[in-house]
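Read off the chains here:
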Amino acid sequence: MIRRVLASITLALALVSSADAAILVSSTFQPTPGLAGYNTWTINLATDFDQLSTIDAKFNSPVMNQVNPLAFPTIFQDNNALFGFVGANVLQDSQFLFNTTTDSLLVVPAPTTSEGPAKLTSAFTGFSPFVSKNIAQLVIPTANELTYNIVGVTRDNTEWSAQGVFTAVPEPSSMLLAGIGGVAALLVARRRRATVQA
Ligand SMILES: [Ca+2]
């Protein structure tokens, strides 16, 4: 329930940050399987204007988990079949949810396209144009923020950008509500104890 509320809060923030941009960035997250203290965030990119045909996206966090099975790069999904060999779960890796071969990608080379312990970035085209798609997953510590800077280009060559921050930390208002709830529970407990003593 709390997770659902937080997801809607981050969605609302994303909608505000890109209200006049015609691209919408939203996210959901789940605890990373087999990696305590981390969340795997899934980023959705959508547009209500025209289909997107090019993506230029930068994701940053103070710590971002990368798994490179057998030392192969994992910027895209190309090497996901290797995760089983090293006993890792694909959800433990930060990567774009595209396959350069099966999605026929044309990718801008490094340094534009790169991954590291605090980043995942790339610019690419060639995929089937879409109006809504999960474009990336990012694996970061639960207490960290995820910063995104995304430019989407529609088929008519119009550029739309969106920047923002996703965080799994409760908003101050939620924490205040939790605090009020805690005080109320204490008062009820005290009243019960008083009743028992009486
Ligand atoms: Ca990766």
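Criteria and cut-off values
- Residues numbered from 1 in each chain as written.
- Predicted model: local features only at pLDDT ≥ 70, side-chain atom pairs only at ≥ 80, totals over all residues.
- Helix = DSSP H or I, 4+ residues; strand = E, 2+ residues; numbered from the N terminus.
- Buried ≥ 20, exposed ≤ 12 C-beta atoms within 10 Å, placed from the backbone.
- Contact = placed C-beta atoms within 7 Å.
- pLDDT = per-residue confidence, 0-100.
- Pairing = 2+ DSSP bridges.
- Core = buried A, V, L, I, M, F, W, Y, C linked by C-beta atoms within 7 Å.

**Student:** A description of the overall build of the protein chain should follow, citing residues and the corresponding values.
**Tutor:** What the protein chain contains, in helices and strands, is 2 helices and 10 strands. Along the chain direction, N to C, the helices and strands of the protein chain fall in the order α-β-β-β-β-β-β-β-β-β-β-α. Per-residue burial over the protein chain gives 27% buried out of 198 residues. Within the protein chain, counting contacts between residues at least 6 apart in sequence, those at least 24 apart form 62% of the total.

**Student:** Can you tell me about the confidence of the model for the protein chain, naming the residues and giving the values?
**Tutor:** Taken residue by residue, the protein chain gives an average pLDDT of 84. The fraction at 70 or more is 74%. Overall, residues 8-19 carries pLDDT values under 50, and its contacts beyond four positions in sequence, including any with other chains, amount to 17 contacts. Low pLDDT (under 50) marks residues 194-198, which in the prediction has 0 contacts with non-local residues, meaning those over four places away or in another chain.

**Student:** Summarise the pairing of strand 3 (residues 52-60); cite the residues concerned and give the values.
**Tutor:** Successive side chains on a regular strand alternate, one facing one side of the sheet and the next facing the other. Strand direction decides the pairing type here: strand 3 and strand 7 (residues 119-130), joined by 8 bridges, are antiparallel. Each bridged residue has a counterpart across the sheet, and for Asn60 the counterpart in strand 7 is Lys119. By the bridge criterion, 8 bridges tie strand 3 to strand 9 (residues 145-154) in an arrangement that is antiparallel. Each residue of the ladder has a partner; that of Lys58, found in strand 9, is Asn149.

**Student:** Got a sec to walk through the sheet that holds strand 2 (residues 38-47)? Specific residues and values, please.
**Tutor:** Across a sheet, strands are paired by hydrogen bonds formed along the backbone, either parallel or antiparallel in direction. Here we have 4 strands laid out as an open sheet, ordered 1-2-8-4, and antiparallel in their pairing. The outermost strands of the open sheet, each flanked by one partner alone, are strand 1 (23-31) and strand 4 (95-96). Both strand 1 and strand 2 contribute to a ladder of 9 bridges, which runs antiparallel. Residue pairing in the sheet places Ile23 in a bridge with Thr47 of strand 2.

**Student:** Any details on the environment of Leu52? Residues and values, ideally.
**Tutor:** Relative to the elements of secondary structure, Leu52 occurs in strand 3. The class for Leu52 is buried, based on 24 C-beta atoms found within 10 Å. With 100 residues separating them along the chain, Leu52 and Gly152 place their C-alpha atoms 6.3 Å apart. Apart from residues no more than four positions distant in its own chain, Leu52 is found in contact with Leu45, Thr47, Pro129, Phe130, Gly152, Val153 and Thr154.

**Student:** Please provide a residue-by-residue account of the nonpolar core, values included.
**Tutor:** The biggest cluster of nonpolar side chains holds 31 residues, and the ones touching the most others in it are Val25, Ile43, Ala136 and Leu138. Elements supplying a minimum of two residues to this core: strand 1, strand 2, strand 3, strand 7, strand 8 (132-141), strand 9 and strand 10 (159-167). Looking at which element gives the most residues to this core, the answer is strand 8, with 5 residues. Look past the residues within four positions of Leu138 in its chain and what remains in contact with it is Trp41, Ile43, Phe59, Ser61, Met64, Ser94, Leu120 and Leu146.

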